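Summary of structural features
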Amino acid sequence: MKVILKHPGEHPDYHVYEILNIFSRCDIKYEPFSDALSVVCEDGAGNELSRETIDMTDRKVMKRSLYEILSRLTGYESPWGAITGVRPCKTVNDIAAKNAKNGEPDFEEADRELKDFYLVSGQKRALAISTAKNQRKFLEDQRNNPQKIDLYVAIPFCPSRCLYCSFTSNSIIKYRKYVDSYLDHLEEELKCCARIAKENGFVFDSIYLGGGTPTSFDDERFERYMSMILNTIDMSTVGEFALEAGRPDSITEGKLRTAKTAGVNRLSINPQTMNEKTLRRIGRAHNTLQVYEAFELARKEGFYNINTDIIAGLPGESIDDFATTLEKIGGLSPEGLTVHTLSVKRAADLKLDLETQSELRPDDLAVMTTMGYDFAISRGMLPFYLYRQKNMLGNHENVGYCLPGHESPYNIHIMEEDKTILAAGAGSVTKYVTGGDIFRIYDVKSIEEYDSRWQEMIDRKNELFGVARAK
Ligand code: SF4
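How each quantity is defined
Residues numbered from 1 in each chain as written. Predicted model: local features only at pLDDT ≥ 70, side-chain atom pairs only at ≥ 80, totals over all residues. Heavy atoms only, no water. Helix = DSSP H or I, 4+ residues; strand = E, 2+ residues; numbered from the N terminus. Rg over C-alpha atoms; globule rule 2.2 N^0.38 Å. Buried < 20%, exposed > 50% of the residue type's maximum accessible area, 1.4 Å probe, protein only. Contact = heavy atoms within 4.5 Å. Areas by Shrake-Rupley, 256 points an atom, 1.4 Å probe, with all protein chains shown as cover. Lys, Arg positive; Asp, Glu negative; His and termini not counted. Charge placed at Lys NZ, Arg CZ, Asp CG, Glu CD. Axes fitted to C-alpha atoms, helices over the stretch in contact; angles between N-to-C directions. Parallel < 35°, antiparallel > 145°, perpendicular 65-115°, else oblique. Nonpolar A, V, L, I, M, F, W, Y, C, P; charged D, E, K, R; others polar. 1 Å grid on protein atoms, 1.4 Å probe; cavity = no way out; pocket = protein on both sides within 12 Å on 5 of 7 lines; lining within 4 Å. Points joined across faces, edges and corners; volume = space filled by probe spheres on them. Near = heavy atom within 4 Å. Pairing = 2+ DSSP bridges. Patch = residues over 30% accessible without salt bridge, like charges linked within 9 Å, V, L, I, M, F, W, Y side chains within 5 Å. Salt bridge = Lys/Arg side-chain N within 4 Å of Asp/Glu carboxyl O. Phe/Tyr/Trp six-rings, centres within 6.5 Å; stacked < 30°, edge-to-face > 60°. Lys NZ or Arg CZ within 6 Å of the ring centre and 35° of its normal. Domains from an automatic or database assignment. Buried area = accessible area lost by both parts, 1.4 Å probe. Polar contact = N/O pair within 3.5 Å; in protein donor to acceptor, adjacent residues only side chain to side chain. Expected span 1.5 Å × (residues − 1). Arc of directions from axis to C-beta.

Turning next to the overall build of the chain. Scanning the chain for helices and strands turns up 15 helices and 17 strands. Relative to the 2.2 N^0.38 estimate, which gives 23 Å for 471 residues, the radius of gyration of the chain is 23 Å and therefore close to what a compact globule would have. If one aligns the C-alpha atoms of the chain with their principal axes, the spans along those axes are about 70 × 50 × 50 Å. In the chain, which comprises 471 residues, the proportion classed as buried is 53%. Considering only residue pairs separated by 6 or more positions, the chain has 73% of its internal contacts joining residues 24 or more positions apart. On the chain, roughly 20500 Å² of surface is accessible, and the fraction owed to carbon and sulfur atoms is 50%. Taking the 60 positively charged and 71 negatively charged side chains of the chain as two groups, their mean positions are separated by 1 Å.

Structure, rendered in structure tokens:
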């Protein structure tokens, strides 16, 4: 039986495409320039067996109908059903708030809609609802304190580039000649952020130092970077001060001490896997021993809010390999664990995709994500944020778990899109949340372009926030 999607126009509408993306592993043919959006089944000889036409008037209903038809015809059920966005908890929070009773969000109604309309599996519904409940106090705090904003600073360098990387990241060795000028320009952007905050009556709440890997700098430049932040930003209101020290091979005692002295109170050390063969295969250029050493150093320097990222579905990994990673992570006793599902971002990664798919059985990812959940819960952690990406293997998700009291408010608000984020550095995105609207401006991604266009990044921000250029 052949499943054919006939669509008006040359290409499927973006929202149709979002549903098709769920079925990317199924054999569905497309045919352009049809009168209406319809799904046709043909037998091997080209005889039409069935035809179902979908009303496109209401986008939400159209997506749900298309999902339901394709699911029935292909036999594939996504664990997230017809949900296509990257923020399932935002959907939950929106439904719960819309149906609030006596000011209390109705999570039961949210669960019902996820089940009956979006056809989300019981396991994912439970995950989304419990995550949304754990976010509540952070969302309330922001509603009551709209002057609070976050700052994100991007350092687009890493010791080497991971095979699956989808961030703005470049080898610090290859781009060595840009490092000092990058810091010079970043300092100007940070001054601009500080000025915007002051003139708009904003106060900085969370500061998130990401990238790339900020600890890719040598000790001296890392010290300069931290001083630059302390000297430009008003830290008096900052609660969370988070540093991505993702690559264990970039961590030194000196950098940890500098970060601790500067007030960093949340650290990410990201093994991704604790299997040596996989680390080599994905180009991480570090080994598991370095993960243990980095943890030991961080504990010695007094860091007691450490998050670890791991990935389910890495090339060549089996369920047993994933179990080994969890067991070894358990030995490190991190306060937080983020379980990612591998996402294949670009066509160029198709080879990786195929390689991975050939080694994983269809249900393996479901088993792995459940193992991640069970592991986190058994260690007393709770899910506090969750997001999805395009082309995630098995249509699963990324979940941040932590021990109570170790949540990252920054991660919650970035997903909920309820808070302004001023962002500086190549590849960063500034988000201005005001009066129910969200305005975004993007810093250029390439280091070379940032080097020549940094003033333009500042001008864009000044314009968005109505601040005059500094003389
Ligand atoms: S450490 Fe992160 S940002 Fe750097 S190359 Fe790997 S995935 Fe990309």
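Moving on: the packing of helix α5 (residues 122-144) against helix α14 (residues 409-416). The N-to-C vectors of α5 and α14 enclose an angle of 75 degrees; their axes lie 10 Å apart at closest approach. The angle between α5 and α14 falls in the class roughly perpendicular. Contacts between α5 and α14 pair Gln135, Phe138, Leu139 and Gln142 from the former with Pro409, Ile412, His413 and Glu416 from the latter. In the contact of α5 with α14, the residues fall into four nonpolar, three polar and one charged.

A full pass over the atoms with the stated rule returns one cavity of 30 Å³ or more. Of the volumes computed, that of the largest cavity is approximately 30 Å³. The wall of the largest cavity is formed by Val339, Thr369, Tyr373, Glu397, Val399 and Tyr401. When residues of the lining of the largest cavity are traced back to their parent elements, those giving at least two are α13 (364-378) and β14 (398-402). For the lining of the largest cavity, a count of residues per class yields four nonpolar, one polar and one charged.

Looking along the chain, the bond that leaves Gly211 and enters Gly212 is cis, with omega of 15 degrees. Relative to the assigned elements, Gly212 resides in the loop between β8 (203-211) and α7 (219-232). Positive phi is not limited to glycine here, since Asn102 has a value of about 50 degrees.

For the rest of this paragraph, the subject is the site of the ligand. Taken together, Cys158, Ser160, Arg161, Cys162, Tyr164, Cys165, Phe167, Ser169, Gly212, Thr213, Arg247 and Arg284 are the residues near the ligand. The residue makeup of the shell around the ligand, split by class, is five nonpolar, four polar and three charged.

Before going further, it helps to spend a moment on the sheet that holds strand β2 (residues 28-31). In any sheet, the strands associate via hydrogen bonds between backbone groups, in a parallel or an antiparallel arrangement. Spatial ordering of the open sheet is given by β2-β1-β3-β4, a layout of four strands whose pairing is mixed. Looking at which strands have only one partner, the edges of the open sheet turn out to be β2 and β4 (48-53). Within this sheet the neighbouring strands show an average axis-to-axis angle of 25 degrees, counted without direction. Note: strand β1 (residues 2-6) against strand β3 (residues 38-42), five bridges, orientation antiparallel. Considered in β3, the bridge of Leu5 is made with Val39. Sitting on the sheet, helix α2 (residues 59-74) touches β1, β2, β3 and β4, and the angle it makes with β3 is about 10 degrees.

Moving on, we come to a nonpolar patch on the surface. Taken together, the side chains of Tyr373, Ile377 and Leu382 present a nonpolar region at the surface, about 220 Å² in accessible area. Relative to the helices and strands, Tyr373 resides in helix α13. A relative accessible area of 30% means that Tyr373 is categorised as partly exposed.

Our next topic: the packing of aromatic side chains. Evaluation of the coordinates by the stated rule reveals 19 aromatic pairs. Between Tyr152 and Tyr208, the ring centres sit 6.1 Å apart and the planes meet at 20 degrees, which makes this aromatic pair stacked. Note that Tyr152 is positioned in strand β5 (residues 148-155) and Tyr208 in strand β8, a separation of 56 residues in sequence. The aromatic ring of Phe117 is capped on one face by Lys60, whose charged end is 5.1 Å from the ring centroid. Of note, Arg64 hangs over the ring of Phe117, and the distance from its end group to the ring centre comes to 5.7 Å.

You can read the domains of the chain as domain 1 (2-74), domain 2 (88-129) and domain 3 (141-424). Here the C-alpha centre of domain 2 lies 27 Å away from the C-alpha centre of domain 1. Counting residues at the interface gives five residues for domain 1, matched by five residues for domain 2. For the domain 1 and domain 2 pair, buried surface summed over both sides reaches about 460 Å², with 63% attributable to carbon and sulfur atoms. Run the count over domain 1 and domain 2 and you get one salt bridge. Here Glu113 ties to Lys60 by a salt bridge, and the two come within 3.2 Å at their closest N and O atoms. Taken together, the links from domain 1 to domain 2 amount to three residue pairs in polar contact (both at pLDDT 80 or more). Within the side of domain 1 that touches domain 2, the residues separate by chemical class into two nonpolar, no polar and three charged.

The end-to-end C-alpha distance of α7, which contains 14 residues, comes to 20 Å, matching closely the 20 Å that a straight helix rising 1.5 Å per residue would cover. Within α7 the residues assigned to the buried category are Phe222, Tyr225, Met226, Met228, Ile229 and Thr232. All buried residues of α7 project into a common sector of 150 degrees when viewed along the axis, lining one side. Residues of α7 that are exposed and point over 90 degrees away from its buried face: Glu220 and Asn231.

A word on the environment of Leu190. Along the chain, the position of Leu190 falls in helix α6 (residues 179-200). A residue is classified by how much of its surface remains accessible, and Leu190, at 0% relative accessible area, is buried. Considered as a pair, Leu190 and Leu151 are 39 residues apart in the sequence and their alpha carbons are 9.3 Å apart. The contacts of Leu190, once residues within four sequence positions are left out, are Leu151, Val153, Met228, Ile229, Thr232, Ile233 and Ala424.

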